[in-house]
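# Close look at the chain arrangement
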Amino acid sequence: QKEVEQNSGPLSVPEGAIASLNCTYSDRGSQSFFWYRQYSGKSPELIMFIYSNGDKEDGRFTAQLNKASQYVSLLIRDSQPSDSATYLCAVRKYNQGGKLIFGQGTELSVKP
Amino acid sequence: GAVVSQHPSWVICKSGTSVKIECRSLDFQATTMFWYRQFPKQSLMLMATSNEGSKATYEQGVEKDKFLINHASLTLSTLTVTSAHPEDSSFYICSARETSGGVVEQFFGPGTRLTVL
């Protein structure tokens, strides 16, 4: 079992819709979770991080964390074609020097 | 956010040669830097964790004698791919960790595209 799992997609949504990206993790002791966006040929850029159960909102983005279910998601409201990218979920391993473990990423395509 | 630079942004080399990639944190001090490798359509795979002034910690399966990492200062880490072969062709990305005000954030460099002929 991979430590961090995501559906590779592609996930296709129409412009203006809500895109929902999901991620599960295997280490129940994980405490910090991150969502990165990566455009083709570029390095990842941080969108949001979340530490506590529940929702965290930042503009059009909402991260949701459910530690009991070991599940973290990212919602993108009013999706735009410029949101088309690969979204990477990452978990920080504090007991291993704080390194980030990435999922395989979900490719999102927002159609005009 | 903080800025991390990498140099070069791309490099093409012949098989058997060595290539050095630099990673710099421009506006903060990074006691810890990470080196990742990413093959097409795949996720980032951590190669090693680099701590300033000490030896790097390599992930399982990463050859430390082939991928030499030096973290000589709080703003500079280098990755040298020795005796490069075509299978080493990949996108190499460094990341620097900043700790300020109790918040830990990790910032990525723009990456270096290595092509070994």
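Just so you know, these numbers come straight off a predicted model, no measurement behind them.

So, on to the pattern of salt bridges. Residues and elements named next belong to chain A. Within the structure shown, the criterion is met by 8 salt bridges over all chains. Across the salt bridge formed by Arg 77 and Glu 57, the nearest N and O atoms sit 3.5 Å from each other. Within this pair, whereas Arg 77 is found in the loop between β8 (71-76) and β9 (85-93), its partner Glu 57 is found in strand β6 (residues 54-58), the two being separated by 20 residues in sequence. Measuring nitrogen to oxygen at the nearest pair gives 2.9 Å for the salt bridge that ties Arg 60 to Asp 83. Of this pair, Arg 60 sits in the loop between β6 and β7 (61-66) while Asp 83 sits in the loop between β8 and β9; the two residues are 23 residues apart in sequence, bridging distant segments of the chain.

So, on to the packing of aromatic side chains. The tally for this structure, following the rule as stated, stands at 10 aromatic pairs over all chains. Relative to A:Phe102, the ring of A:Tyr36 has its centre 5.6 Å away and its plane inclined at 55°; by these criteria the two rings are tilted. Here the residue A:Tyr36 occupies a position in strand β4 (residues 32-38), and A:Phe102 occupies one in strand β10 (residues 99-102), the gap between them amounting to 66 residues. Take A:Tyr36: its relative accessible area is 0%, and that puts it in the buried class. Measuring from centroid to centroid gives 5.2 Å for A:Tyr36 and B:Phe108, while their planes differ by 85°, and the two rings are edge-to-face. Taken together, the positions of A:Tyr36 in strand β4 and B:Phe108 in strand β10 (residues 103-108) put the pair across two chains. An aromatic cluster is built from A:Tyr36, A:Phe102, B:Tyr36 and B:Phe108, whose rings are joined through pairwise contacts. A cation over a ring is seen here: B:Lys66 above B:Phe67, with NZ or CZ 5.9 Å from the ring centre.

Now for unusual backbone geometry. A cis geometry characterises the amide bond from A:Gly9 onward to A:Pro10, with omega recorded as 10°. Within the secondary structure, A:Pro10 sits in the loop between β1 (4-5) and β2 (11-14). Residue B:Pro8 follows B:His7 across a cis peptide bond; omega there is 0°. With a phi close to 50°, A:Asp78 is a non-glycine residue in the positive phi region. Looking at the secondary structure, you find A:Asp78 in the loop between β8 and β9. When its relative accessible area of 40% is taken as the criterion, A:Asp78 is described as partly exposed. Positive phi, normally seen in glycine, also occurs at B:Lys41, with a value near 65°. Mapped onto the elements, B:Lys41 comes out in the loop between β4 (32-38) and β5 (45-51). Residue classification places B:Lys41 among the exposed residues on the basis of a relative accessible area of 81%.

Residue and element names in this part refer to chain A. One open sheet accounts for 5 strands, arranged β1-β3-β8-β7-β6; its pairing is antiparallel. Each edge of the open sheet is held by one strand with a lone partner, namely β1 and β6. Looking at chain direction, β1 and strand β3 (residues 19-25) are connected through 2 bridges and run antiparallel. Opposite Glu 5, over in β3, you have Thr 24 as the bridge partner.

All names here are of chain A. The element β8 is largely enclosed, with a buried count of 5 among its 6 residues. As defined by bridge partners, β3 adjoins β8 across 6 bridges and the pair is classed as antiparallel. Bridging across to β8, Cys 23 finds its partner in Val 72. Between β7 and β8, which pair antiparallel one after the other, the connecting turn spans 4 residues, and Gln 70 there sits at a positive phi close to 55°.

Cut-off values and rules
- Residues numbered from 1 in each chain as written.
- Chains lettered and ligands numbered in written order.
- Predicted model: local features only at pLDDT ≥ 70, side-chain atom pairs only at ≥ 80, totals over all residues.
- Heavy atoms only, no water.
- Salt bridge = Lys/Arg side-chain N within 4 Å of Asp/Glu carboxyl O.
- Helix = DSSP H or I, 4+ residues; strand = E, 2+ residues; numbered from the N terminus.
- Phe/Tyr/Trp six-rings, centres within 6.5 Å; stacked < 30°, edge-to-face > 60°.
- Buried < 20%, exposed > 50% of the residue type's maximum accessible area, 1.4 Å probe, protein only.
- Lys NZ or Arg CZ within 6 Å of the ring centre and 35° of its normal.
- Pairing = 2+ DSSP bridges.

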